[in-house]
Amino acid sequence: MMKNKQGYTLIELMIVVAVLGIIAAVSIPSYREYVTNSEVSACARYIMPSRLIATNLIISNNSSVPPTLDEADLGLVNGACTSVNVDVAGQVLTITGDAGGKIFQMQRSDVGGTWSCGIAGDLANTSCNDFN
């Protein structure tokens, strides 16, 4: 009488484990990048309304950036960013927020009072409207 074979062989199980390892190796970095990008987006949405508050404070200060402007003045106390920093250098106002290891930066230039937004170090030709 022949005995029926039941179960999987060792080779079949090793192939399944190898395939799962390849899938994990491809998907985990993509997932981490997705999480980081969503944290940056949340931080950007948290910081963006401070543009209006900052602009109103600048207008009420005779069109110059108040030298003592800080996070509390802009309503940036606790929120979606790991940390928020407001820096005033002359008439250039820079607001940065740390999100997932990437720094979202919003900067108001002294020429014309235009705002630029982006990941720190990459503000060239970046409109703040791209982050709304």
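About the cut-offs
- Residues numbered from 1 in each chain as written.
- Predicted model: local features only at pLDDT ≥ 70, side-chain atom pairs only at ≥ 80, totals over all residues.
- Heavy atoms only, no water.
- Helix = DSSP H or I, 4+ residues; strand = E, 2+ residues; numbered from the N terminus.
- Contact = heavy atoms within 4.5 Å.
- Disulfide = S-S within 2.5 Å.
- Buried < 20%, exposed > 50% of the residue type's maximum accessible area, 1.4 Å probe, protein only.
- Pairing = 2+ DSSP bridges.

Enquirer: Describe the side chain of Thr96, listing the residues and the values that go with them.
Expert: Looking at the secondary structure, you find Thr96 in strand E2 (residues 92-99). With sequence-adjacent residues up to four places away left out, Thr96 is seen in contact with Ile47, Ser83, Val84, Asn85, Ile103, Phe104 and Gln105.

Enquirer: Could you give an account of the state of the cysteines, with specific residues and numbers?
Expert: Working definition of a disulfide: a covalent bond connecting the sulfur atoms of two cysteines. On inspection of all chains with the given rule, the structure shows one disulfide. The partner cysteine of Cys43 in its disulfide is Cys81, sulfur to sulfur 1.9 Å. Because the torsion about its S-S bond is 105°, the bridge between Cys43 and Cys81 counts as right-handed. Of this pair, Cys43 sits in helix H1 (residues 10-47) while Cys81 sits in the loop between helix H2 (50-60) and strand E1 (83-89), and the two are 38 residues apart along the sequence. Cys81 sits in the buried class, given a relative accessible area of 9%.

Enquirer: Can you tell me about the pairing of E2, naming the residues and giving the values?
Expert: Extensive coverage of E2 is indicated by the burial of six of its eight residues. Bridging between E1 and E2 involves seven bridges; their strand directions are antiparallel. Within E2, the position partnered with Asp87 by the bridge is Thr94. Counting the residues between successive antiparallel strands, the hairpin from E1 to E2 contains two residues, one of them, Gly90, with a positive phi of roughly 70°. Of the strand pairs in this sheet, E2 and strand E3 (residues 102-108) are connected by seven bridges, and their pairing is antiparallel. In the sheet register, Thr96 faces E3, and the bridge partner there is Gln105. Where E2 hands over to E3, the hairpin turn is made up of two residues, of which Gly100 adopts a positive phi near 60°.

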